[in-house]
Amino acid sequence: MLSKIAISSLLAVALVQARPMEIVPHPMLERSTTELSLTAQLRLADTAADRYQLLPKDEDFVFDFNKNPDLPIANHISFPALVGSGASFSLSQLPACSMSFVHLHPRATELFAITSGRVLSEMVPEGGVLDSKVNQRVIRAEISQGMLTIYPAGSFHTQVNPDCEPANFTAAFTSEDSGISLVADQTFAFSDDVIAATFGQSIAGEDIDKVRHAIPGNMLIKVEECLTKCGKQKRQV
Ligand SMILES: *[C@@H]1O[C@H](CO)[C@@H](O)[C@H](O)[C@H]1NC(C)=O
């Protein structure tokens, strides 16, 4: 058995050894943390409790969508109180006669709910690798006020508003930084040979470029027949 003195001296040695060595900051880290964005400071906080000190005002816990009409998403950047929550949220509109670009979120499942209007939703989820051509599932849903659909992370999805009124929606994401990938843009970013091979040599070289340049640069596409039905001009919507 160790004597009491032996134990306490062992403890003393252990404590000395555990004393942190003087830390010499790497030149890259010499910037003071206050130069970092609030989001970055929140990410660096040691504990969730510490984050509250970086968000001293009650207003820090409110996001006003009315003040952010151009970027209607509360995420870790626009709403730093979300840091550490693993969630983000959008409250927006799909204008009359429009379709959102086929896209996916690489890091989040999306819960998409309609608060007014109607949306036709189409989703292509992951498929088995070997038999995807035979069994590729396409999930279509018509959702209107009070209804919700789910887009699992990585699934391709799009929504069409086929009506003459805007459709209001909310979308909750299971990541602060859900990310977005535009499927057509990204596919056609590959080199021509890769695209030709991918599409079974069915598109010739000059057509690949034509397709590439024809891909709308906007997240929303106008649906022509709907515009006609609603008596709207393309640019008025
Ligand atoms: C849809 O959202 C817009 C913008 O927030 C709002 O002005 C409008 O009243 C909403 N429509 C309905 C039917 O709730």
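One can find the structure itself at the top, above this paragraph.
Remember, predicted model here, so these are calculated numbers, not experimental data.

Rules used throughout
- Residues numbered from 1 in each chain as written.
- Predicted model: local features only at pLDDT ≥ 70, side-chain atom pairs only at ≥ 80, totals over all residues.
- Heavy atoms only, no water.
- Near = heavy atom within 4 Å.
- Polar contact = N/O pair within 3.5 Å; in protein donor to acceptor, adjacent residues only side chain to side chain.
- Areas by Shrake-Rupley, 256 points an atom, 1.4 Å probe, with all protein chains shown as cover.
- Disulfide = S-S within 2.5 Å.
- Helix = DSSP H or I, 4+ residues; strand = E, 2+ residues; numbered from the N terminus.
- Buried < 20%, exposed > 50% of the residue type's maximum accessible area, 1.4 Å probe, protein only.
- Core = buried A, V, L, I, M, F, W, Y, C linked by side-chain atoms within 4.5 Å.
- Contact = heavy atoms within 4.5 Å.
- Pairing = 2+ DSSP bridges.

Peer 1: Quick one: what's the story with the site of the ligand, residue by residue and with numbers?
Peer 2: As a matter of local geometry, the ligand sits amid Gln 93, Ser 116 and Asn 168. For the ligand, an oxygen atom lies 3.2 Å from a polar atom in the side chain of Gln 93. Residue Asn 168 places a side-chain N or O atom 2.3 Å away from an oxygen atom belonging to the ligand. Within the complex, 28% of the 360 Å² of free accessible area of the ligand lies under protein.

Peer 1: Any chance you could break down the state of the cysteines for me, citing the residues and the numbers?
Peer 2: Simply put, disulfide is the name for a covalent bond between the sulfur atoms of two cysteines. Summed over the entire model, instances satisfying the criterion amount to two disulfides. The disulfide partner of Cys 97 is Cys 226, and the S-S distance across this bridge is 2.1 Å. Residues Cys 97 and Cys 226 are joined through a disulfide that is left-handed, its torsion about the S-S bond being -70 degrees. Of this pair, Cys 97 sits in the loop between β2 (88-94) and β3 (98-100) while Cys 226 sits in helix α8 (residues 224-229); the two residues are 129 residues apart in sequence, bridging distant segments of the chain. Cys 226 sits in the buried class, given a relative accessible area of 5%. Two residues, Cys 164 and Cys 230, share a disulfide whose sulfurs are 1.9 Å apart. Looking along the S-S bond of the Cys 164-Cys 230 disulfide, the torsion reads about -85 degrees, which is the left-handed sense. Taken together, the positions of Cys 164 in the loop between β9 (156-161) and β10 (167-173) and Cys 230 in the segment after α8 put the pair 66 residues apart, joining distant regions of the chain. Here Cys 164 falls in the partly exposed class, since its relative accessible area comes to 28%. Residue class for Cys 230 comes out buried when judged on its relative accessible area of 17%. Among the cysteines of the chain that take part in disulfides, numbered as they appear in the sequence, the pairing is 1-3, 2-4.

Peer 1: If you had to explain the nonpolar core to someone new, which residues and values would you point to?
Peer 2: In this structure, Phe 112, Ile 114, Val 119 and Phe 169 are the most contacted members of the largest nonpolar core, which totals 13 residues. Every element with two or more residues in this core is listed here: β5 (110-116), β6 (118-124) and β10. If sequence neighbours within four positions are ignored, Val 119 has contacts with Leu 94, Phe 112, Ile 114, Ala 141, Glu 142, Ile 143, Gln 159, Val 160 and Ala 167. Ranked by size, the runner-up nonpolar core spans seven residues in total, among them Ala 196, Ile 203, Ile 208 and Ile 215.

Peer 1: Could you give an account of the sheet that holds strand β8 (residues 148-151), naming the residues involved and the relevant values?
Peer 2: Pairing is antiparallel across the open sheet formed by five strands, whose spatial order is β1-β2-β10-β5-β8. This sheet does not close on itself; its edge strands, each paired only once, are β1 (73-74) and β8. In this sheet, β8 lies alongside β5 in antiparallel orientation, the contact comprising four bridges. Residue pairing across strands places Leu 111 opposite Ile 150, the latter belonging to β8.

Taken by themselves, the reported measurements are silent on function.
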